[in-house]
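What follows is each chain in one-letter form.
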Amino acid sequence: MPALTLSRTPALPVQWSSLLACLLAFAVTGCAQRVEVAQAPAAEILANVVPMPTHLVRTGGELTLGASVAVTVEGEAPHARRALDTLLAGLGVASGKGQGVQLRLQRVDDPSLGEEGYRLRIDDAIVMEAATDIGLFHAVQTLRQLLPAQPKPGMQLPHLEIEDVPAYGWRGVSLDVARSFLPLDYLYRHVDRMALFKLNRLHLHLTDDQGWRIEIKRYPRLTEVGGASAVAGGRSGYYTQAQLKALVAYAQAHGVTIVPEIDMPGHVQAALASYNALACDDVKNLAPYSGTKVGFSVLCLDKPEVVDPFVRDVLTEVLEIFPSHEIHIGGDEIRHPRYAEFVEMTAALVEGMGRRPIVWEEGSVANTRPTMMVQLWNDGYDIAPAVAKGHALILSPCSFFYVDHGNYAGQPQTYDWCRKEGVPLARIHGFDPTVFKTAAGVEAALWSELVHTDAAADNRLWPRLAAVAEVGWNPSTRGDYLHFSGRLSALRPHLDAMGIAYHREPDLYWTQPWN
Ligand code: TNX
């Protein structure tokens, strides 16, 4: 089946309807520049779904949803079922046995669908098939995008057939809650938002110089002292273990694995301020830190008798909270003669505990097993030796994935050290992960030195995370930005319904109010 098949009943290309609206509004809004650059997407838009399904055919006609849907489930699918019930309830549609359009969720024994793939067929009934509950959950998310964001009379769905399997198993976002804390309720909302775009890894950067955000029972001062500081202007705070366990379960039910990072051996001023013995004896500055410099603090690697048990104890508690197979141990931005030795020790420790370590790119110099994952973050870093060793890569090259950089050049309160022009939506969508032989997937990073509120986080993350999702799920679409922006533009009511304070991206015609 070709990736895109011409439909018998083409959907209205969203870009063109927006263009029309723009022309009509021209006198008051002055959108002439947009008109000049706007053109039709190379492929026809058949359905407003992001990420673009790998196979999609419109089969002609529409299905009208009535007041109720008759749901049947074959096989275990509690997460998908809950998501479906929430979706239908939100649209005022009753779900249950009996009357109305038939909707079937079915587990099938089909290895070609993998852990996350699914089929969705809409004709006079709706049928979803997947090998796993999470595959069915993703099918429900596609249905969610095809339906309106708010209830309305006579809701219609296009007849279609989708078969959709992600290119990459790692489609992530990392949130730096250490520089500036994000409240727990933000993380819950964030998981919901990730789920709509089938993002599946939430990497939490839990510790850094400016704060320590995870309760460790054996070291209470880490949160008493380290939890009370933050970057200047940012928020302090920490999560209890019980809170994190509940968040982990919630995320799992939404197809999201939470990957914890304890950043070591550098980026540890909050830990040193909490437990001075972790610093070398000649270190004078042991105060909490609220600046934005990096690379100045380090665990005393000459005192393994103090540092190694600390690392082991902390990781033991971290692993009890987070069932994620992958555990991030940091390793960035520090020069020390015993650095490689420390990474080797810590990576082996994680492996000995039955998990898989991840390090930032610098850690790839250590003599570790190739099963360790490596996260690339500098565009220019020579990652070839790590690839040759067989390390799987998480791709976060800063000029594509650092969303602490502006949505546009010169955006206030953003960094530009990696790319002066910022990291616009189109650039992310143009990223090609396929040139990295051992890519596990992609991950955007929101560092929070300059991001101190929920609204600022929303602005940096959205709509750019939709492009991250598409690049990781279906990178074959990257040549057609207009196709992507047309589909995404139409999903604005869904972002509104979730209360996202997104960047009003001109490429999506979001500078104007939605009518
Ligand atoms: C680099 S990426 C860092 C972070 C900063 C970020 C700011 C990485 C592994 N280290 O500590 O917050 O730049 O953009």
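Please refer to the structure placed before this passage.
Below, the structure is looked at part by part. (Residues numbered from 1 in each chain as written. Predicted model: local features only at pLDDT ≥ 70, side-chain atom pairs only at ≥ 80, totals over all residues. Heavy atoms only, no water.)

## As for the environment of D124
So the rule is basically this: Numbering of helices and strands runs from the N terminus, with a helix taken as a DSSP run of H or I at least four residues long and a strand as a DSSP run of E at least two residues long. Note on contacts: a residue pair is in contact if any heavy atoms of the two residues lie within 4.5 Å.
Inspection of the secondary structure assignment puts D124 in the loop between β5 (118-122) and β6 (126-130). Separated by 23 residues in sequence, D124 and V101 have C-alpha atoms that sit 7.4 Å apart. If near-sequence neighbours (up to four positions away) are discounted, D124 is found in contact with L63, V101 and H159.

## A short note on the pattern of salt bridges
Cut-off, in case you're wondering: Salt bridges are defined by distance alone: a side-chain nitrogen of Lys or Arg within 4 Å of a carboxyl oxygen of Asp or Glu. Each residue gets one of three labels from its accessible area relative to the maximum for its type: buried under 20%, exposed over 50%, partly exposed in between, using a 1.4 Å probe on protein chains only.
All chains considered together, the criterion is met by 26 salt bridges. A salt bridge links R193 to D458; the nearest nitrogen and oxygen atoms lie 2.8 Å apart. Here D458 lies in helix α15 (residues 454-461) and R193 lies in helix α6 (residues 184-196), a separation of 265 residues in the sequence. A residue is classified by how much of its surface remains accessible, and D458, at 3% relative accessible area, is buried. The salt bridge partner of D416 is K420, with a shortest N-O separation of 3.8 Å. Among the charged side chains, a network of salt bridges with common partners joins D110, R119, E129 and E163.

## Thoughts on empty space enclosed by the protein
Rules: With a 1 Å grid spanning the protein atoms alone, the term cavity applies to any set of points in which a 1.4 Å probe fits but cannot get out, the term pocket to an open set with protein on both sides within 12 Å along at least five of seven lines, and the term lining residue to any residue with an atom within 4 Å of a point. Grid points are joined across faces, edges and corners, and a volume is the space filled by probe spheres set on the points. Charged means Asp, Glu, Lys or Arg here, nonpolar means Ala, Val, Leu, Ile, Met, Phe, Trp, Tyr, Cys or Pro, and polar covers whatever is left, Gly included.
The full count for this structure, using the stated rule, is one cavity of 30 Å³ or more. By volume, the largest cavity is sized at about 50 Å³. Residue lining of the largest cavity: L175, D176, S180, F181, L182, R235, L446, S448, V451, H452, T453 and A457, and that is the complete set. Of the residues in the lining of the largest cavity, the class split is six nonpolar, four polar and two charged.

## Observations concerning the state of the cysteines
Short version of the rule: The criterion for a disulfide is a pair of cysteine sulfur atoms lying within 2.5 Å.
One pass over the structure, following the stated rule, counts two disulfides. Residue C280 pairs covalently with C300 via a disulfide, S to S 2.0 Å. The S-S bond linking C280 to C300 shows a torsion near 85°; that makes this disulfide right-handed. Residue C280 is located in the loop between α9 (269-274) and α10 (304-321), and its partner C300 is located in the loop between α9 and α10; the two are separated by 20 residues in the primary sequence. By relative accessible area, which is 2% here, C300 ends up buried. Bridging C398 to C418, the disulfide has an S-S length of 2.1 Å. Between C398 and C418 the disulfide shows an S-S torsion of about 75°. By sign, it is right-handed. Taken together, the residues C398 in helix α13 (residues 398-401) and C418 in the loop between α13 and α14 (425-429) connect sequence positions 20 residues apart.

## A closer look at the nonpolar core
Heads up, the condition is: Remark: nonpolar core denotes a set of buried residues (Ala, Val, Leu, Ile, Met, Phe, Trp, Tyr, Cys) joined through side-chain atoms within 4.5 Å. The source of the domain bounds is an automatic or database domain assignment.
Among the nonpolar cores identified, the biggest contains 99 residues, and L175, F197, W212, I214 and L299 are the most heavily contacted of them. The leading source of residues in this core is α10, at eight residues. Here this core spans two domains, and each of domain 1 (1-47 + 480-515) and domain 3 (170-479) adds at least three residues to it. The contact partners of I214, leaving out residues within four places of it in the chain, are L206, T207, T223, Y238, Y239, L244, I262, V318, I321 and F322.

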